[in-house]
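Structure assessment
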Amino acid sequence: MATATGKTNWFAIWISVAVVAVLVGVVAVVAVLNSQASDPGPVPQASGINRETGAITFGDGPDTVATYVDFMCPYCGQFEETEGKTISGLVDDGSITLEVHPVTILDRLSQGTEYSSRAASAMYAVAEADPDNAYAFFRALWDKRPQEQTPGLTDDELIQIAKDAGVNVTADLEKSIKDHEYKSFAQSQELPEGATGTPTLVVNDEVVPVTYDPQADILSRLSAR
């Protein structure tokens, strides 16, 4: 940069360089923060867990039932109470493939403990370590579901629930639950398009309004029925 007298204005040049450096730094920080926000962290590797959709699969029936649930959601608890036995029976008799999607939309209601995320992380950890007993753990979590606006269950309580459900809780699994290994992965999961909250029920790729009546919500929509 030159002045009207032809002399170089080094002060202006260094100011310009400093401004550019600051802008570059801001862009870099924003890029890092965006990367951290979208980074799912460690991803479960078990074959029964879809690493793209976050679904934990149970059964292999011809019809597909998908549920999106938050482990602190009272309406999800009601759904499990009214329709869980029907769903479990359909899995056991080979009628459906069940896809469970843990989501973490109610972390704000656990007094800062992120219970929804911790419980979802524990669900993924159990599904990876002991898939044969993961569904029993899933059902047991609803029996012990904490109320909103409470800290929720502790990590030790989640581990005990897993043990009581028959899960083979190894030292590695216990560490995974306490370290919240899959918390970021759980937090990266989203509700399907058209959903407004939990529970969300999808039967054979169709979002179904939940009425808490298994005949209307599920059984009447199965191709084999």
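This text gives an overview of the structure that appears in the document.

What counts and how
Residues numbered from 1 in each chain as written. Predicted model: local features only at pLDDT ≥ 70, side-chain atom pairs only at ≥ 80, totals over all residues. Heavy atoms only, no water. Salt bridge = Lys/Arg side-chain N within 4 Å of Asp/Glu carboxyl O. Helix = DSSP H or I, 4+ residues; strand = E, 2+ residues; numbered from the N terminus. Buried < 20%, exposed > 50% of the residue type's maximum accessible area, 1.4 Å probe, protein only. 1 Å grid on protein atoms, 1.4 Å probe; cavity = no way out; pocket = protein on both sides within 12 Å on 5 of 7 lines; lining within 4 Å. Points joined across faces, edges and corners; volume = space filled by probe spheres on them. Core = buried A, V, L, I, M, F, W, Y, C linked by side-chain atoms within 4.5 Å. Contact = heavy atoms within 4.5 Å.

1. Let's talk about the pattern of salt bridges
Across all of its chains, the model carries seven salt bridges by this definition. In this structure, E114 engages K183 in a salt bridge whose closest nitrogen and oxygen atoms are separated by 2.8 Å. One end of the pair, E114, is in the loop between β3 (96–102) and α3 (115–129); the other, K183, is in helix α7 (residues 183–187), and 69 residues separate them in sequence. Residue classification places E114 among the partly exposed residues on the basis of a relative accessible area of 28%. Salt-bridge contacts for K175 lead to D179; the nearest nitrogen and oxygen are separated by 2.6 Å. One end of the pair, K175, and the other, D179, are both in helix α6 (residues 171–179), four residues apart, so they sit about a helical turn from each other.

2. Side note on empty space enclosed by the protein
Considering all chains together, one arrives at one cavity of 30 Å³ or more under this definition. Estimates place the volume of the largest cavity at around 60 Å³. If you go around the largest cavity, the residues you meet are T67, V69, F79, E80, G84, I87, L98, V100, Y135, F138 and W142. At the level of secondary structure, the elements contributing two or more residues to the lining of the largest cavity comprise β2 (63–69), α2 (74–92), β3 and α4 (134–143). Here the lining of the largest cavity gets four residues from one element, more than from any other, and that element is α2.

3. Here's the deal with the nonpolar core
Within the largest apolar cluster, 54 residues are counted, with the highest numbers of intra-cluster contacts made by F58, L98, M123 and F137. With nine residues, α3 is the single largest residue contributor to this core. Setting aside its immediate chain neighbours within four residues, F58 contacts V91, I96, T97, L98, V100, M123, A134 and Y135.

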